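Geometric and topological summary
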Amino acid sequence: MEYRVLSGLTATLLGAYMQSPQLCLAEAIENQSFNQSLDLLCQVNEFSIADSSTIPTPYPAEGPLEQTASLEPWALSSAGQISTFSHIRAGHQAITVYIRSIPILTFIGTEQSEPVQPNPSPSNSLTITDTALIDRVKATATQLEAFRLSNSSASQIAVRWDAHQEDFVISLAEQDLVTIDETTILPNTLQDPALDALQITNRLRYLLGDAPPLETIAGLPRPAPRPAAAPTIAMTLTGVASWYGPGFHGRRSASGEIFNQRAMTAAHRHLPFGTRVRVTNLHNGRQVVVRINDRGPFIHGRIIDLSTGAADTLGMLHSGVAQVKIEVFNN
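Keep in mind that this is a model prediction, so the values were computed, not measured.

Points about the environment of Gln-156
Checked against the element boundaries, Gln-156 lands in the loop between helix H3 (131-149) and strand S7 (157-162). Measuring from C-alpha to C-alpha, the distance between Gln-156 and Ala-173 comes to 4.8 Å, with 17 residues separating the pair along the chain. With sequence-adjacent residues up to four places away left out, Gln-156 is seen in contact with Ser-171, Leu-172, Ala-173 and Glu-174.

What about unusual backbone geometry?
Going from Gly-296 to Pro-297, the amide bond is cis rather than trans, its omega being -15 degrees. Position of Pro-297 among the secondary structure elements: in the loop between strand S14 (287-294) and strand S15 (302-307). A positive phi angle is found at Ser-101, which is not glycine, with a value near 65 degrees. Its location among the elements puts Ser-101 in the loop between strand S4 (92-99) and strand S5 (102-111). One non-glycine residue, Asn-151, adopts positive backbone phi at about 60 degrees. Structurally, Asn-151 is set in the loop between H3 and S7.

A short note on the pattern of salt bridges
Summed over all chains, the structure comprises 6 salt bridges. Of the charged contacts in the structure, one is a salt bridge between Glu-257 and Arg-291, with a shortest N-O distance of 2.9 Å. Taken together, the positions of Glu-257 in the loop between strand S11 (233-244) and strand S12 (265-267) and Arg-291 in strand S14 put the pair 34 residues apart, joining distant regions of the chain. Accessibility expressed as a relative area gives 29% for Glu-257, which makes it partly exposed. For Arg-291, a relative accessible area of 24% translates into the label partly exposed. Of the charged contacts in the structure, one is a salt bridge between Asp-312 and Arg-262, with a shortest N-O distance of 3.5 Å. With Asp-312 in helix H5 (residues 308-314) and Arg-262 in the loop between S11 and S12, this residue pair connects regions lying 50 residues apart in the sequence. With a relative accessible area of 37%, Asp-312 lands in the partly exposed category. Sharing partners across several salt bridges, the network here consists of Arg-160, Asp-162 and Asp-176.

What counts and how
Residues numbered from 1 in each chain as written. Predicted model: local features only at pLDDT ≥ 70, side-chain atom pairs only at ≥ 80, totals over all residues. Heavy atoms only, no water. Helix = DSSP H or I, 4+ residues; strand = E, 2+ residues; numbered from the N terminus. Contact = heavy atoms within 4.5 Å. Salt bridge = Lys/Arg side-chain N within 4 Å of Asp/Glu carboxyl O. Buried < 20%, exposed > 50% of the residue type's maximum accessible area, 1.4 Å probe, protein only.

Printed below as a string of structure tokens:
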């Protein structure tokens, strides 16, 4: 039997009144336009079950559905490219839209009020009572078909982050198609709205014109920078610190850089240049972090020689020396 021109969204209400609904409906709409077919779609709220041998399985499978109505051999476009699959998903009425037998979008409707029992006979049907769900599918299918028939470039299919809605929005030629949220999802969801939105967009770009896939989403805010990890202490020492500056300011230090007595630097006998050290004056509790860029001190009993600026911060300029604790950071 050859079926033509409409989707599983249309064939059933008439079936309640016709002895052979699919044949009669096929004859009734054989010459209908796409828009006229969609008008019929809005007038029905029941989805007939066709022979399961004609049904592609939802791809990829996401576990058992509570009850599934078959994808009927009716297409929402004259070329048979856009079709639908009605089912119950997590207790809610749902319709999945296919393009060329590839699932693109699943629309989630209201909760199924009554349990649906498996129907052994293809003449039985699954009742869809959510008219708003049907309207959403109709609007999306209309827009997809209009885009397909316009021969527009598939590179005009895009996805963006809408900061106002705080959702991802897919558009065709700058006209919004769908917003990806808890009611409009990727059939085989990746459990990540950004990845789902990009996957849907790239399926549409491929199926409606073989445009190259997108790798990023426009307007997506960059993640906040991670706070720097607290430095760890490699070594702790105590001893006497001294300071130096006048007479050395502007001269080249042992590391090769010009010594600036006001910079937070210090000299140490063997710590690598660039090592950062926290120095605590044990007399007053003041602290400063300095960078080792010179060699010294060369007086016995002293463990570090601070720049003038560092010594001033620790409050030891007048004393000249101070008992300190130094903590060497892992750089």
